[in-house]
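# An overview of the molecular structure
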Amino acid sequence: MTRIDIPDGSLFGVANLPYGVFAPPGAAPRVGVRVGDSVVDLAAALGDDVFARPSLNAFMAQGHERWVEVRSRVTELVGGEVPDAAVFGVDEVELHLPIEVADYVDFYASEHHASNLGRLFRPGAEPLMPNWKHLPVGYHGRAGTVIVSGTDIVRPCGQRKAPDEDAPTYGACRRLDIEAELGFIVGTPSPLGTAVSTADFARHVFGAVLVNDWSARDIQAWEYVPLGPFLGKSFATSISPWVVPLLALEPARVPTPAQDPEPLPYLREDEPWGLDIELSVSWNGQEVTRPPYREMYWSPAQMLAHLTVNGASSRTGDLYASGTISGEEKNQRGAFIELTWGGKEPVTVGGEERSFVLDGDEVVISATAPGTTGRIGFGEVRGRVLPATESRR
Ligand SMILES: O=C(O)/C=C/C(=O)CC(=O)CC(=O)O
Ligand SMILES: [Ca+2]
Ligand SMILES: [Mg+2]
């Protein structure tokens, strides 16, 4: 038996206990909980086969009461002694995609980001479209290209046409960007023909991850009218390996910024679901921006209510992301196109100028939030960009 050591100031103390999928050396992937710098094999520690699987989906589908019960059993377990065979160092295991992604949706919930992109993509027009303050704008993304942190990103190829060119050309993306976001994972499904109210959010959503919605801005700018993002965003979306349970985020809850005009009744909330989460984005090892989640206009409860208000079903493993998180200040912008204002105001990283992401660059997004006893961490979502493969012509 082992007593798990939690280093002082660890962002993975008992207030956090995020779930993930890991493979011990030479063994099959299974569900684990991160505690300090250790990972506890839950199938081995709790003797329950629902955790002996390569995704969290079966456990998430068991519903809210079960999530509460397992969290309290794990809290008890890690406060005492755990069988040696169930404990691994986080550095000796391989971390996998934690969920089998069902559907993937991406919202656009930051007023600062939406206004900035409006100015950059549609100069001269009103930055916010007339619908923006009435509903959380979003689009359906590509579930099959959601990948786990650490997976390399191959620079996408496609059609691009700059405003001063008169015809499109095919080639490697010249304006590769990132988007720092938070993603919410549905555990309890809702049947076709029903809607999930804002009050039922916490019964449906299991937890949250960090998201990097890699974006090819030149491909996007040419293709997006009038149906929205397509190939410019479907080549890769990275998520962090640890799913922070919504139950751990109670101390992070804050009201959203005042919403004016008042939204329609189905989007109103009795209880606030804004979240006081602080993100940090590093580019080649240097922090370039700190996006504040608390400034997001629409809450995740409002996003899920909107996503299902037409009677669309939701499934275990659905992932919906917040959209780029940008604060009011320049050093709080969650996408490089905004941070460098379309490339006109480059930033210096490691002594080199950057506006968009170059081959070989690595971007890491991390985040922390207040927990019951000190801050809790989301870990990180990391990705390195590899050169385009031209064979797709
Ligand atoms: O305003 C536009 O035309 C484009 C917006 C985006 O690229 C944003 C998007 O993917 C949603 C988000 O991350 O906020
Ligand atoms: Ca996005
Ligand atoms: Mg994407």
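On a predicted model such as this, the values are computed, not experimentally measured, just so you know.

### Some points on the sheet that holds strand 22 (residues 278-283)
If you trace the five strands from one edge of the open sheet to the other, you get 11-28-27-22-23, paired in mixed fashion. Two strands in the sheet have a free side with no partner beyond their single neighbour: strand 11 (153-154) and strand 23 (286-289). Note that strand 11 and strand 28 (residues 374-386) share two bridges and pair parallel. Residue Val 154 lies in a different strand from strand 28, and its bridge partner there is Leu 386.

### Section: the UniProt feature "domain: Fumarylacetoacetase-like C-terminal" (unreviewed entry) in the protein chain
In the UniProt entry, the feature "domain: Fumarylacetoacetase-like C-terminal" (unreviewed entry) is given for residues 105-385. Here residues 105-385 runs as 12% helix and 31% strand, with 23 Å between its end C-alpha atoms.

### Comments concerning the coordination of the calcium ion (ligand 2)
Within the protein, Asp 106 (OD), Glu 179 (OE), Glu 181 (OE) and Asp 213 (OD) serve as the donor atoms for the calcium ion (ligand 2), at 2.2 to 2.3 Å. Read from N- to C-terminus, the donor residues coordinating the calcium ion (ligand 2) fall into the pattern D-x72-E-x1-E-x31-D. Within this pair, whereas Asp 106 is found in strand 8 (residues 104-107), its partner Asp 213 is found in the loop between strand 16 (205-212) and strand 17 (215-216), the two being separated by 107 residues in sequence. Accessibility assignment for this pair places Asp 106 and Asp 213 in one class, buried.

### Brief notes about the UniProt feature "domain: Fumarylacetoacetase N-terminal" (unreviewed entry) in the protein chain
Within this structure's numbering, the places UniProt gives as "domain: Fumarylacetoacetase N-terminal" (unreviewed entry) are residues 15-98. Its end C-alpha atoms 20 Å apart, residues 15-98 is made of 30% helix and 27% strand.

### So, the coordination of the magnesium ion (ligand 3)
Looking at the magnesium ion (ligand 3), one finds its protein donor set to be Asp 213 (OD), Lys 233 (O) and Thr 237 (OG1), positioned 2.2 to 2.3 Å from the metal centre. Sequence spacing among the residues donating to the magnesium ion (ligand 3) works out to D-x19-K-x3-T. Across this residue pair, the class does not change: Lys 233 and Thr 237 are buried.

### Description of unusual backbone geometry
Along the chain, Val 225 connects to Pro 226 via a cis peptide bond; the corresponding omega equals -5°. Here Pro 226 lies in the loop between helix 6 (217-223) and strand 18 (237-239). Its identity is not glycine, yet Leu 17 carries a phi of approximately 55°, on the positive side. Here Leu 17 is to be found in the loop between strand 1 (2-3) and strand 2 (19-23). A positive phi is found at Trp 341, a non-glycine position, where the angle reads about 45°. Within the secondary structure, Trp 341 sits in the loop between helix 8 (336-339) and strand 25 (347-349).

Scoring rules and cut-offs
Residues numbered from 1 in each chain as written. Chains lettered and ligands numbered in written order. Predicted model: local features only at pLDDT ≥ 70, side-chain atom pairs only at ≥ 80, totals over all residues. Heavy atoms only, no water. Pairing = 2+ DSSP bridges. Helix = DSSP H or I, 4+ residues; strand = E, 2+ residues; numbered from the N terminus. UniProt positions renumbered as here; feature names shortened; annotations may be inferred. Donors = N, O, S within 2.8 Å, 3.2 Å for Na, K, Ca; no water. Buried < 20%, exposed > 50% of the residue type's maximum accessible area, 1.4 Å probe, protein only.

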